[in-house]
Amino acid sequence: RYLGDALELCIQYGEIGGLVCHLTLARVRRAQGDEVEATTHMGEAQAIAAATRVTQIDDRLVAAAEARRWIEAGDLDRAAAWAEERGLSVTGALANANDAEPEGSATDYNLRELESLILARLALAQGEARQALALLGWLEREAAGRGRTRRLIEILVLEALAASQLAAPVGE
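What counts, and at which threshold
- Residues numbered from 1 in each chain as written.
- Predicted model: local features only at pLDDT ≥ 70, side-chain atom pairs only at ≥ 80, totals over all residues.
- Heavy atoms only, no water.
- Helix = DSSP H or I, 4+ residues; strand = E, 2+ residues; numbered from the N terminus.
- Expected span 1.5 Å × (residues − 1).
- Buried < 20%, exposed > 50% of the residue type's maximum accessible area, 1.4 Å probe, protein only.
- Axes fitted to C-alpha atoms, helices over the stretch in contact; angles between N-to-C directions.
- Parallel < 35°, antiparallel > 145°, perpendicular 65-115°, else oblique.
- Left-handed = near helix turned anticlockwise from the far one by under 90°.
- Contact = heavy atoms within 4.5 Å.
- Salt bridge = Lys/Arg side-chain N within 4 Å of Asp/Glu carboxyl O.

Caption draft 1: Quick look at helix H7 (residues 106–125). If you check H7, its first and last C-alpha atoms are 29 Å apart, about what 20 residues at 1.5 Å a residue would give, namely 28 Å. With 14 of 20 residues buried, H7 is to be regarded as a mostly interior element. Gly 127 sits one or two positions beyond H7 and adopts a positive phi of about 80 degrees.

Caption draft 2: Summary view of the packing of helix H2 (residues 15–31) against helix H3 (residues 35–51). At a closest axis distance of 8 Å, the pairing of H2 and H3 adopts a crossing angle of 160 degrees. Classified by the angle their axes make, H2 and H3 are roughly antiparallel. For the pair H2 and H3, the crossing hand works out as left-handed. Every residue of H3 that contacts H2 at Glu 15, Gly 18, Leu 19, His 22, Leu 23, Leu 25, Ala 26, Arg 29 and Arg 30 is listed here: Glu 35, Glu 37, Ala 38, Thr 39, His 41, Met 42, Glu 44, Ala 45, Ile 48 and Ala 49.

Caption draft 3: Examining the pattern of salt bridges more closely. Using the criterion set out here, one finds eleven salt bridges in the structure. The salt bridge involving Asp 75 is made with Arg 78; its shortest N-O contact spans 3.9 Å. Note on Arg 78: relative accessible area 46%, which makes it partly exposed. In this structure, Arg 151 engages Glu 113 in a salt bridge whose closest nitrogen and oxygen atoms are separated by 2.9 Å.

Below, the structure written as structure tokens:
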């Protein structure tokens, strides 16, 4: 009931509100084991993104959500293809991290941060914990410096997973 109410309220904020709500509901439904509803909400988000051509923000949000889903499902080839299609790599993200201040708006920064987190997740899933840690270290400094507590918690969890992966004997 509350999720439906949330969707109605989000839609009142326009297309981007509905899109973000559908992406969130897709993750919630997937976590609840309801893949059919998750897929329905992802489809709604894709439809909203396809219908709006004002910016690429919505398309990037949907693509990032799909990439994260592929990683969680173990479909690393599709997630890697997403990164390649977007021109994203851990090396490239770290090179851009050295920029004193990233170009663009706060929205650009948020998308860059989101995509970087997904790259770190992909590196972890591919067994590249050292690469993930390098990227996560930069993200941690940025999140802490900007007071982004929710992101910082997510980053610290991923760093713990990477550290655990490095500590585990080969083959585990």
